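Listed below are the residues making up each chain.
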Amino acid sequence: MPGITREEVAHLARLARLELKPEELEHFAGQLDDIIGAVARVSEVADQDVPPTSHPLPLTNVMRVDEVRPSLTPEQALSGAPAQEQQRFKVPQILGED
């Protein structure tokens, strides 16, 4: 597989609106070539019987069960509010809409 050229790196930098110095073009060309090689090696190893995954280990939900517990009444929650309306906090209008 041919390597990534400085011109290709410069083109990608222009597309990404990045300004790169000449020595950076050479450096990134080598790095991009290594990355593309690593992806190619992974593609060779992946077999048809291996399903694609987003994570190497199974994930489980660690959240607790949702259960009703005693909490503040609306009156208690709004007791310190400077303004309230219909059991809600009343705040100044900011978008000019009703």
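Rules and cut-offs
- Residues numbered from 1 in each chain as written.
- Predicted model: local features only at pLDDT ≥ 70, side-chain atom pairs only at ≥ 80, totals over all residues.
- Heavy atoms only, no water.
- UniProt positions renumbered as here; feature names shortened; annotations may be inferred.
- Helix = DSSP H or I, 4+ residues; strand = E, 2+ residues; numbered from the N terminus.
- Rg over C-alpha atoms; globule rule 2.2 N^0.38 Å.
- Axes fitted to C-alpha atoms, helices over the stretch in contact; angles between N-to-C directions.
- Parallel < 35°, antiparallel > 145°, perpendicular 65-115°, else oblique.
- Contact = heavy atoms within 4.5 Å.

- As recorded in an unreviewed UniProt entry, the protein goes by Aspartyl/glutamyl-tRNA(Asn/Gln) amidotransferase subunit C and comes from Streptomyces tibetensis.
- The annotation that UniProt attaches to the protein under Sequence similarities (unreviewed entry) is "Belongs to the GatC family."
- Under the UniProt heading Subunit (unreviewed entry), the note attached to the protein is "Heterotrimer of A, B and C subunits."

1. Focus: the overall build of the protein
- Helix and strand counts for the protein stand at 3 helices and 2 strands.
- Ordered by position in the sequence, the α and β elements of the protein form the string α-α-α-β-β.
- Scaling as 2.2 N^0.38, a compact globule of 98 residues should have a C-alpha radius of gyration of about 13 Å, whereas the protein reaches 29 Å, well beyond that.
- Its C-alpha atoms put the protein at 70 × 45 × 25 Å along the principal axes.

2. Side note on the packing of helix α1 (residues 6-15) against helix α2 (residues 22-45)
- Running from amino to carboxyl end, α1 crosses α2 at an angle of 100°, the nearest separation of the two axes being 9 Å. The pairing of α1 with α2 is recorded here as roughly perpendicular in orientation. Residues Arg6, Val9, Ala10 and Leu12 of α1 lie in contact with α2, whose contacting residues are Pro22, Leu25, Glu26, Phe28, Ala29 and Leu32.

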